[in-house]
Structure formats: structure tokens, C-alpha cells
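# A closer look at the structure
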Amino acid sequence: EEGAQRAASRLRFSGAAARSGVSFGHAALVSKDPPRLLSVLCALGLSVSEREEVPSEGVAVSFVPLSQGAIEILEPTDPAGAIAKWREKRGGGIHHLTLEVSDFDAAVGALRASGTRLAGEPRAGAQGRRVLFIHPEATGGILIEIVSRV
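All of the points below concern the structure found in this document.

We now examine the overall build of the protein chain. The helix and strand tally for the protein chain stands at 6 helices and 8 strands. When the helices and strands of the protein chain are listed from N to C terminus, the series reads α-α-β-α-β-β-β-α-β-α-β-β-α-β. A total of 150 residues make up the protein chain; the buried ones form 37% of that total. When the accessible area of the protein chain is evaluated, it comes to approximately 8900 Å², of which 55% is carbon and sulfur surface.

Right, dumping it as C-alpha cells:
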């Protein structure tokens, strides 16, 4: 725990995160009422840049670009899918945070070498990018997605 805090402190103050090719990608939201959420975002002058179905995940995703990163809105399309189950259990909220990496294979290798618990294997995600999730048990309850940079 203390070592992790020191490592986080070094990343913050040394700029190592920028040099390592890791940046904020997006926050993924699940809403009980996606059209209402989109209405609020549109009232702020934001707009959906794209909407894509990801049948393998049982979800439709809408991306709302920000000046840095984006908001991803997840809408279940399969009642038996993971996002539908998540929404049924929790209602709405932040589902995960995404970090973009410049070298996806190196990031996955580093996570595996460190013994970090992963949730599955790398796979194709939205926008045709490679994704991998870090299990919430490895982070104290936060689901983090690693995604290849475009």
C-alpha cells in the first residue's frame, strides 16, 4: 500500500504518466434514462459524435467528446448482458474509467508481470480498438479499461 502511494506520487510529480504514453480516455456512464442524460449534455453544448452497437458486449455506445477525453454512454441491448445486469443491480452511475495507452501490448505485459488481476483477455471494443479491463479487486473497487490509442 505504501509503495503504491509512493509510485502514484512519483507519477504525479515527475510527469512520468505523460512520458509513458498513458492518458485519460473516457468515463463510461450507465443511465437509467439515456435520452434524459443526453438531453442534459446537449443543454451544455455537447453532442454525440457517434453511436455504435457492440453486439459481442450486448451494448450500444455513444461517445460525447470533451476538450480532453470523452464521456461514453453505455446502453444495454441484451437483457442478459453485463451492462443490463449492472444497471439492474446498481441503477445508473459511472461504470468504468478508461486509460489510453500508446503501446497496448507493453501495457498488458506490464500489468501481467506485476500480477495485476485482469478481467478477461484483450479483445476488440468500440471504435475497433483493443481493450482490456483491470478487475475491480485489483484497484480497490474501480473498473479500469485499458484501450489502444488510435
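Those residues of helix α5 (residues 104-113) that sit buried are F104, A107, V108 and L111. For α5, the angular spread of the buried residues around the axis is 95°, confining them to a single face. Buried residues along α5 sit in contact with β5 (93-101), β6 (118-124), β7 (130-134) and β8 (144-148).

When you tally the buried positions in β8, you get 5 out of 5 residues, the bulk of the element. Burial along β8 is two-sided: I144, I146 and S148 facing one way and E145 and V147 facing the other are all buried. Relative to β8, β5 runs parallel, the two being bridged by 5 bridges. If you follow E100 over to β8, its bridge partner there is V147. With 4 bridges connecting them, β7 and β8 associate as antiparallel partners. Its bridge partner being in β8, F133 is matched across the sheet by E145.

Time to look at the side chain of E100. Looking at where E100 falls in the secondary structure, it is placed in strand β5. On the basis of relative accessibility, which here comes to 15%, the residue E100 falls in the buried class. Beyond its immediate chain neighbours, meaning those up to four positions away, E100 contacts G21, V22, S23, G25, R129, V147 and R149.

With that settled, the discussion passes to the sheet that holds strand β3 (residues 59-65). Taking strand neighbours across the sheet as the criterion, the 8 strands line up as β2-β3-β4-β1-β5-β8-β7-β6 in an open arrangement whose pairing is mixed. With one partner strand each, in any of the chains shown, β2 (50-54) and β6 form the two edges of the open sheet. Across the sheet, the axes of successive neighbouring strands diverge by a mean angle of 25°, strand direction being ignored.

Moving on to helix α4 (residues 82-90). Listing the buried residues of α4 in full gives I83, A84 and W86. Buried residues in α4, looked at end-on, bunch into an arc of 160°, giving them a common side. Residues A82, K85, E88 and K89 are exposed on α4 and point more than 90 degrees away from its buried face. The inward-facing, buried residues of α4 abut β1 (22-30), β3, β4 (70-76) and β5. Phi for G91, located one or two positions after α4, is positive at around 85°.

What counts and how
- Residues numbered from 1 in each chain as written.
- Predicted model: local features only at pLDDT ≥ 70, side-chain atom pairs only at ≥ 80, totals over all residues.
- Heavy atoms only, no water.
- Helix = DSSP H or I, 4+ residues; strand = E, 2+ residues; numbered from the N terminus.
- Buried < 20%, exposed > 50% of the residue type's maximum accessible area, 1.4 Å probe, protein only.
- Areas by Shrake-Rupley, 256 points an atom, 1.4 Å probe, with all protein chains shown as cover.
- Arc of directions from axis to C-beta.
- Contact = heavy atoms within 4.5 Å.
- Pairing = 2+ DSSP bridges.
- Axes fitted to C-alpha atoms, helices over the stretch in contact; angles between N-to-C directions.

Such coordinate-based values are descriptive only and should not be taken to indicate function.
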